[in-house]
Amino acid sequence: MVNVADIGKRLLLGRKLRSTQLSETLLPKRIALPVFASDALSSVAYAPDEIFLTLSLAGLVAYSYSWKIAILVAIVMLVVVASYRQNVHAYPSGGGDYEVATVNLGSNAGLTVASALLVDYVLTVAVSISSGVQNAKSAFPIIDGHEPWVAAAVAVLLMALNLRGARESGTLFSIPTYCFMFAILSMVIFGLFRILVLGDQIQVDSAQYGIEPDPSYAAFTGFAMIALLARTFSSGCAALTGVEAVSDGQAALDSVRRR
């Protein structure tokens with residue numbers, strides 16, 4: 001007798017695998033890297049928005065600080081990446097921060113870190129999807145006014161794809177990652193071509209403005225600007241979320257490397 005629940009589970013999760021079939025879930029490098037890197041790339045996509053949105057509180061002239069904030073965020077990211085490289089070498093079995101905390105500080109610390117990671121992943125998915133839907137609205141006006149429903153549908157779709165396993169959904173997830181990388185590199189190359197070859201002076205309209213604080217409010221303005229820049233830096237550090245995904249999935253990457 002056919003069990004409807006089993007059929008639905010098979011369609012949603014895919015075929016069953018024995019523990020001895022673990023090798024069948026391994027990902028080739030061309031798929032493993034974009035799958036694990038997509039989490040960090042999605043954060044990089046919306047972090048600049050957070051920087052500009054926060055700086056906009058001080059007006060267009062505050063945008064002149066955006067590139068400085070971006071450099072600071074990039075420096076912090078390099079430090080975090082270097083730290084995770086050490087984690088990968090020291091704990092090659094995977095588990096990332098959870099394993100590091102459990103081994104060195106005990107199970108309670110590990111559970112605390114695991115809880116923080118779960119919250120981080122949920123927030124990353126929520127913010128990434130929301131940002132993507134907002135950007136997609138400019139290309140597809142039909143989305144306007146229906147953003148929550150579209151975002152919820154995308155979240156359900158991603159959940160269903162992830163439940164089928166990394167190997168079955170890996171190819172599908174790697175396509176937008178490669179497209180994103182190609183688009184960013186093309187934009188950078190085109191910009192450098194215009195600057196170095198064509199000699200174009202590329203600048204935004206607000207570049208001509210400067211900051212002239214009122215002397216009577218100089219002290220307050222200075223304090224307020226420092227607080228605003230600190231808040232902007234913290235918002236820009238959203239680009240760091242997801243960097244740990246590669247460390248957490250190290251077991252799969254190691255398996256690929258040893259084959």
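Here the structure is a predicted model, which is why all the values come from computation and not from measurement. For every chain, the first residue of the written sequence is number 1, and numbering continues from 1 along that sequence. Only residues with pLDDT of 70 or above have their local features reported here, since the model is predicted, and side-chain atom pairs are shown and tallied only from 80 upward, although totals for entire chains, interfaces and linings are computed over all residues. The side-chain quantities take in all heavy atoms of the structure and omit both hydrogens and water.

### Let's talk about the overall build of the chain
Elements are defined by DSSP. Helices are runs of H or I of four residues or more, strands are runs of E of two residues or more, and each kind is numbered from the N terminus. Scanning the chain from N- to C-terminus turns up 10 helices and 0 strands. The N-to-C order of helical and strand elements in the chain reads α-α-α-α-α-α-α-α-α-α. Under the scheme applied here, a residue whose accessible area is under 20% of the maximum for its type counts as buried, over 50% as exposed, and between as partly exposed, the area being computed with a 1.4 Å probe on protein chains only. Residues counted as buried form 27% of the 259 residues belonging to the chain. The contacts of the chain with a sequence gap of at least 6 include a subset with a gap of at least 24, amounting to 72%. Carbon and sulfur atoms make up 69% of the accessible area of the chain, which totals about 17400 Å². The contact criterion used throughout is that any non-hydrogen atoms of two residues lie within 4.5 Å. Here, Shrake-Rupley sampling with a 1.4 Å probe gives the accessible areas, and only protein chains in the shown set may cover a residue.

### Focus: the packing of helix 5 (residues 107-139) against helix 6 (residues 147-163)
Packing of helix 5 against helix 6 brings their axes to within 9 Å, and their N-to-C directions diverge by 125 degrees. Between helix 5 and helix 6, the interaxial angle falls into the category oblique. Crossing handedness for the pair helix 5 and helix 6: right-handed. In this structure, helix 5 uses Ile129, Val133, Gln134 and Lys137 to contact helix 6, whose residues at the interface are Glu147, Val150, Ala151, Val154, Ala155 and Leu158. We call Asp, Glu, Lys and Arg charged. Ala, Val, Leu, Ile, Met, Phe, Trp, Tyr, Cys and Pro are nonpolar, and the rest, Gly among them, are polar. Taken together, the residues that form the contact of helix 5 with helix 6 break down as 7 nonpolar, 1 polar and 2 charged. Here the axes come from fitting lines to C-alpha atoms, over the contacting stretch only for helices, and the angles between their N-to-C directions go from 0 to 180 degrees. For classification purposes, an angle smaller than 35 degrees is called roughly parallel, one larger than 145 roughly antiparallel, one from 65 to 115 roughly perpendicular, and anything else oblique. Throughout, a crossing is termed right-handed when the near helix is turned clockwise from the far one, and left-handed when it is turned anticlockwise from it by less than a right angle.

### Structural notes on helix 5
Its 33 residues place the ends of helix 5 48 Å apart at the C-alpha level, agreeing with the 48 Å of an ideal helix rising 1.5 Å per residue. Listed in full, the buried residues belonging to helix 5 are Gly110, Leu117, Asp120, Thr124, Ser128, Ile129, Ser131 and Val133. Helix span is expected to be 1.5 Å times the residue number reduced by one.

### As for the pattern of salt bridges
Between Lys or Arg on one side and Asp or Glu on the other, a salt bridge is scored when a side-chain nitrogen of the former is within 4 Å of a carboxyl oxygen of the latter. Taken as a whole and assessed by the stated rule, the structure comprises 1 salt bridge. As a salt-bridge pair, Lys137 and Glu147 come within 3.1 Å of each other at their nearest N and O atoms. Note that Lys137 is positioned in helix 5 and Glu147 in helix 6, a separation of 10 residues in sequence.

### A closer look at the nonpolar core
Residues belong to one nonpolar core when they are buried, are Ala, Val, Leu, Ile, Met, Phe, Trp, Tyr or Cys, and are joined through side-chain atoms within 4.5 Å. Counting residues in hydrophobic clusters, the biggest one holds 12 residues: Ala47, Ile51, Leu55, Ala62, Ile69, Val73, Met225, Leu228, Leu229, Cys237, Ala239 and Leu240. Of all the elements in the fold, those that place two or more residues in this core are helix 2 (29-55), helix 3 (66-90) and helix 8 (218-236).

### So, the confidence of the model for the chain
Scored by pLDDT, the chain has a mean of 75; 74% of the residues are at 70 or more. The quantity called pLDDT is the predictor's confidence in a given residue, expressed from 0 to 100. Helix 10 (residues 250-258) is the least confidently modelled element of the chain, averaging 54 in pLDDT, while helix 3 averages 84, the highest of any element. Low pLDDT, under 50, characterises residues 254-259; the predicted model gives this stretch 11 contacts beyond four residues in sequence or across chains.

### Thoughts on the packing of helix 4 (residues 96-105) against helix 5
Two elements in contact, helix 4 and helix 5, have axes whose closest approach is 7 Å; the angle formed by their N-to-C orientations is 160 degrees. Between helix 4 and helix 5, the crossing angle belongs to the class labelled roughly antiparallel. The handedness of the crossing between helix 4 and helix 5 comes out as right-handed. For the pair helix 4 and helix 5, the contacting residues are Asp97, Tyr98, Ala101, Thr102 and Leu105 in the first and Ser107, Ala109, Gly110, Leu111, Val113, Ala114 and Leu117 in the second. Split by residue class, the contact of helix 4 with helix 5 holds 8 nonpolar, 3 polar and 1 charged.

### Some details on the side chain of Thr177
Along the chain, Thr177 falls in helix 7 (residues 166-196). The exposure class assigned to Thr177 is buried, which follows from its relative accessible area of 6%. Excluding residues within four positions of it along the chain, Thr177 makes contact with Pro34, Ser38 and Leu41.

### Re helix 4
Those residues of helix 4 lying buried are Gly96, Glu99 and Ala101. The first or second residue beyond helix 4 is Gly106, which carries a positive phi of 110 degrees.

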